[in-house]
Amino acid sequence: LAKTTQPISMDSYEGQEVNITCSHNNIATNDYITWYQQFPSQGPRFIIQGYKTKVTNEVASLFIPADRKSSTLSLPRVSLSDTAVYYCLGAQLGTYKYIFGTGTRLKVLA
Amino acid sequence: DVKVTQSSRYLVKRTGEKVFLECVQDMDHENMFWYRQDPGLGLRLIYFSYDVKMKEKGDIPEGYSVSREKKERFSLILESASTNQTSMYLCASSPTGGRAGELFFGEGSRLTVL
């Protein structure tokens, strides 16, 4: 199981691009990297997943270098509503003991 | 949309009481999970279940038990609540064969033990 390490918190201003990096040095060959977003008083929600290189969807982009020991979640042009806690998670298909890290608290300022 | 419903958003209990936290999902998912969330500690896995009547311990099962009598329902039980079990409890579900690591969470149950 990949142990993940993230910065505890980050501040940004509206309109900026935000990059949140997750370190997962012991990632296994079969692990996928998954990111979640959690707003206050809500459960986390899945936002993006990747295995290697780059994945983009309507919410974010995910960059995973060739060695896969880290990943970067990129949020383009953040707004106040992107203020949330972001978690990265390493998970294998067919296994279900998902271990989350402590997450990164992103605060977007006006 | 997948819906995971936790029966109570807020509960206040006294030390020593037996507490039941109920979770129901409507998407026929095989797997269900209970996490607790505390400031600075992130999400910690208490128990998970991959089938009816099946359960496996997570990282912090002490002081908790679970019950999965029906596929859609997963209950977390605190046999004798203690103040250090004051926390936010999150239930989640996932389908077998779905994307690795994709969980669908409920909105959480905030438990205060006095």
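Residues numbered from 1 in each chain as written. Chains lettered and ligands numbered in written order. Predicted model: local features only at pLDDT ≥ 70, side-chain atom pairs only at ≥ 80, totals over all residues. Heavy atoms only, no water.

Draft legend 1. Spatial organisation of the sheet that holds strand S4 (residues 45–50) of chain A. Residue and element names in this part refer to chain A. Spatial ordering of the open sheet is given by S1-S9-S8-S3-S4, a layout of five strands whose pairing is mixed. In this open sheet, the two edge strands, each paired with only one partner strand, are strand S1 (9–13) and S4. Taken pair by pair, the neighbouring strands of this sheet meet at an average axis angle of 25°, ignoring direction. The sheet contact formed by S1 and strand S9 (residues 104–109) spans five bridges and is parallel. When the sheet's bridge partners are listed, methionine 10 is paired in S9 with leucine 106. (Pairing = 2+ DSSP bridges. Helix = DSSP H or I, 4+ residues; strand = E, 2+ residues; numbered from the N terminus. Axes fitted to C-alpha atoms, helices over the stretch in contact; angles between N-to-C directions.)

Draft legend 2. Quick peek at the side chain of Ser109(B). Residues and elements named next belong to chain B. Take serine 109: it is sitting in strand S11 (residues 109–113). The buried category is assigned to serine 109, whose relative accessible area is 1%. Separated by 3.1 Å, the side chains of serine 109 and glutamine 6 make a polar contact. Here the side chain of serine 109 touches serine 8 through a polar contact of 2.6 Å, landing on its backbone oxygen. (Buried < 20%, exposed > 50% of the residue type's maximum accessible area, 1.4 Å probe, protein only. Polar contact = N/O pair within 3.5 Å; in protein donor to acceptor, adjacent residues only side chain to side chain.)

Draft legend 3. Region of interest: the sheet that holds strand S7 (residues 65–70) of chain B. All names here are of chain B. One open sheet holds the four strands; their spatial order is S1-S3-S8-S7, and the pairing between them is antiparallel. Two strands close off the open sheet at either side, each with one partner strand: strand S1 (4–6) and S7. Strand-to-strand twist of the sheet, defined as the mean angle between neighbouring strand axes without regard to direction, takes the value 20°. One ladder, built from six bridges, connects strand S3 (residues 19–25) with strand S8 (residues 73–78); its direction is antiparallel. Bridge pairing in S8 links glutamate 22 to serine 75.

Draft legend 4. Highlighting the state of the cysteines. Residue and element names in this part refer to chain A. By the definition in use, this model includes two disulfides over all chains. In this model cysteine 22 forms its disulfide with cysteine 88; the gap between the sulfur atoms is 1.8 Å. Classification of the bridge connecting cysteine 22 and cysteine 88 rests on its S-S torsion, roughly 50°, and on that basis the disulfide is right-handed. Taken as a pair, cysteine 22 in strand S2 (residues 18–23) and cysteine 88 in strand S8 (residues 84–92) lie far apart in primary sequence, 66 residues in all. Judged by relative accessible area, cysteine 22 falls into the buried class, the value being 0%. (Disulfide = S-S within 2.5 Å.)

Draft legend 5. Here's a closer look at the pairing of S2(A). Residues and elements named next belong to chain A. The alternating pattern of S2 places Val18, Ile20 and Cys22 on a buried face, while none of Asn19, Thr21 and Ser23, on the opposite face, is buried. With six bridges joining them, S2 and strand S7 (residues 70–75) adopt antiparallel strand pairing. Within S7, the position partnered with isoleucine 20 by the bridge is leucine 73.

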